[in-house]
Amino acid sequence: MFYISVMPLPDTMYCAQQINIPPELPDILKNFTKAAIRTQPKDVLLWSAAYFKALSEGECLPVKDRLEMNVATQKTDTGLTPGLLKTLHKQLSPRQACSKEELQEKWRGLCLPMDQLETLLSLGSAGTDIDWMDFFALGCSALGGTLMSSLKIACEILTEDEEGGAARIPFNTFVQLYTYLAHLDGDMPQDHIDSFLRSLQAQVELQCGMIKPLDFIHWDDMDSTPPASSIFSRATSRAE
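Note that the coordinates shown come from a computational prediction; the quantities given were computed from them, not determined experimentally.

Quick look at the side chain of Ser150
No. 1: Along the chain, Ser150 turns up in helix α7 (residues 147–158).
No. 2: Side-chain polar atoms of Ser150 contact the backbone oxygen of Thr146, separated by 2.8 Å.

Description of the pattern of salt bridges
A side chain with one charge can pair with a side chain of the opposite charge if their charged atoms come near.
No. 1: What the rule picks out here adds up to eleven salt bridges.
No. 2: Note that Lys90 and Asp65 form a salt bridge whose closest N and O atoms lie 2.6 Å from each other. Separated by 25 residues along the polypeptide, Lys90 in helix α3 (residues 82–92) and Asp65 in the loop between α2 (44–56) and α3 bring together distant segments of the chain.
No. 3: On the accessibility criterion, Asp65 (35% relative accessible area) is partly exposed.
No. 4: One network of salt bridges, in which partners are shared, links Lys53, Glu57 and Glu105.

What about a nonpolar patch on the surface?
No. 1: On the surface, Ile19, Ile21, Leu25 and Leu29 cluster together to form a nonpolar patch covering roughly 360 Å² of accessible area.
No. 2: For Ile21, the location among the structural elements is in the segment before α1 (25–39).

Concerning the packing of aromatic side chains
No. 1: Overall, the coordinates contain 14 aromatic pairs when judged by the stated rule.
No. 2: Here the aromatic rings of Trp132 and Phe135 are separated by 5.6 Å at their centres, their planes lie at 35 degrees, and the arrangement is tilted. Of this pair, Trp132 and Phe135 are both found in helix α6 (residues 132–143), three residues apart, which corresponds to roughly one turn of the helix. Residue Trp132 shares its accessibility class with Phe135, and that shared class is buried.
No. 3: Ring geometry for Trp132 against Phe136: centres 6.5 Å apart, planes inclined by 50 degrees, an arrangement best described as tilted. On the criterion of helical spacing, the pair formed by Trp132 and Phe136 is a turn pair, its members being four residues apart in helix α6.
No. 4: In this structure Phe136 comes out as buried when scored by relative accessible area, which is 0%.

Some thoughts on unusual backbone geometry
No. 1: Although it is not a glycine, Cys111 adopts a positive phi angle of roughly 60 degrees.
No. 2: Phi is positive for Ala167, close to 65 degrees, though the residue is something other than glycine.
No. 3: Looking at the secondary structure, you find Ala167 in the loop between α7 and β3 (169–170).
No. 4: Residue class for Ala167 comes out buried when judged on its relative accessible area of 8%.

The rules behind each value
- Residue indices follow the written sequence of each chain, beginning from 1 at its first position.
- Given that this is a predicted model, residues contribute local features only at a pLDDT of at least 70 and side-chain atom pairs are listed and counted only at 80 or more, while totals for whole chains, interfaces and linings are drawn from all residues.
- Where side-chain values are given, they derive from all heavy atoms of the structure, hydrogens and water being excluded.
- Here a helix means four or more residues in a row that DSSP labels H or I, a strand means two or more in a row labelled E, and each is numbered from the N terminus.
- N or O atoms within 3.5 Å of each other form a polar contact, as long as, within protein, one can give a hydrogen and the other can take it, and as long as residues adjacent in sequence are counted only when both atoms are side-chain atoms.
- Any Lys or Arg side-chain nitrogen found within 4 Å of a carboxyl oxygen on Asp or Glu counts as a salt bridge.
- Only protein chains enter the accessibility calculation, which uses a 1.4 Å probe; a residue whose area is less than 20% of its type maximum is buried, one above 50% is exposed, and one in between is partly exposed.
- A patch is a set of surface residues, each over 30% in relative accessible area and not in a salt bridge, joined within 9 Å for like charges and within 5 Å for the nonpolar side chains Val, Leu, Ile, Met, Phe, Trp and Tyr.
- For every accessible area listed, the method is Shrake-Rupley and the probe measures 1.4 Å; residues are considered covered only by the protein chains on display.
- Put simply, two rings from Phe, Tyr or Trp (the six-membered ring, in Trp's case) pair if the centres are within 6.5 Å, and we call them stacked under 30 degrees between planes, edge-to-face over 60, tilted for the rest.

This is the structure in structure tokens:
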């Protein structure tokens with residue numbers, strides 16, 4: 001009779017002390033846990049994959065700055081929020097333009113509904129390459145009930161002022177966002193657009209080229225022109 005002697009493999013683990021734990025692992029796990037608590041992803045596994053992929057590639061992480069109350073637009077409370085749009089802005093704005101595939105990847109990594117993304121993309125008639133600020137404007141219109149409230153959300157996301165401050169942004173950025181949404185609506189006359197922007201010039205000059213929500217939000221009550229943000233409501237109705 002023959003006996004086969006089985007020798008243990010050289011890297012066989014006999015006790016926990018033989019496991020080499022990288023010294024940075026506790027901090028990685030602690031930061032991951034804090035990020036998950038702040039972001040509250042609907043699909044933790046999907047979000048975790050996006051988180052560690054971004055971490056390994058040195059990219060901006062899919063993490064909210066802070067925990068926010070659910071203000072999503074969808075009935076299931078899983079849609080876009082100001083905090084998630086700000087996260088997307090940090091991830092995609094540095095290159096000014098992004099591919100549709102890259103936007104889809106970042107959107108999916110934040111566990112946002114893909115049908116909401118497709119609605120926004122179709123609304124903006126986006127092609128292969130997407131101008132980020134145009135898409136950002138669409139995201140704000142999805143969150144705002146009127147054109148002015150959409151621009152207020154844009155100011156609150158883009159400002160460098162402290163939270164609760166004036167929420168100032170450069171006027172040229174405001175003009176870009178406002179003009180894009182106004183033209184996209186199609187019902188707003190050009191002379192109305194020009195008149196509105198001229199009405200802000202004096203205050204902007206006093207503020208060194210900056211504008212804040214208090215400078216324009218009152219136009220919601222004065223303006224009888226259909227708000228550009230209504231285009232999102234119409235597109236959503238078509239999608240349903």
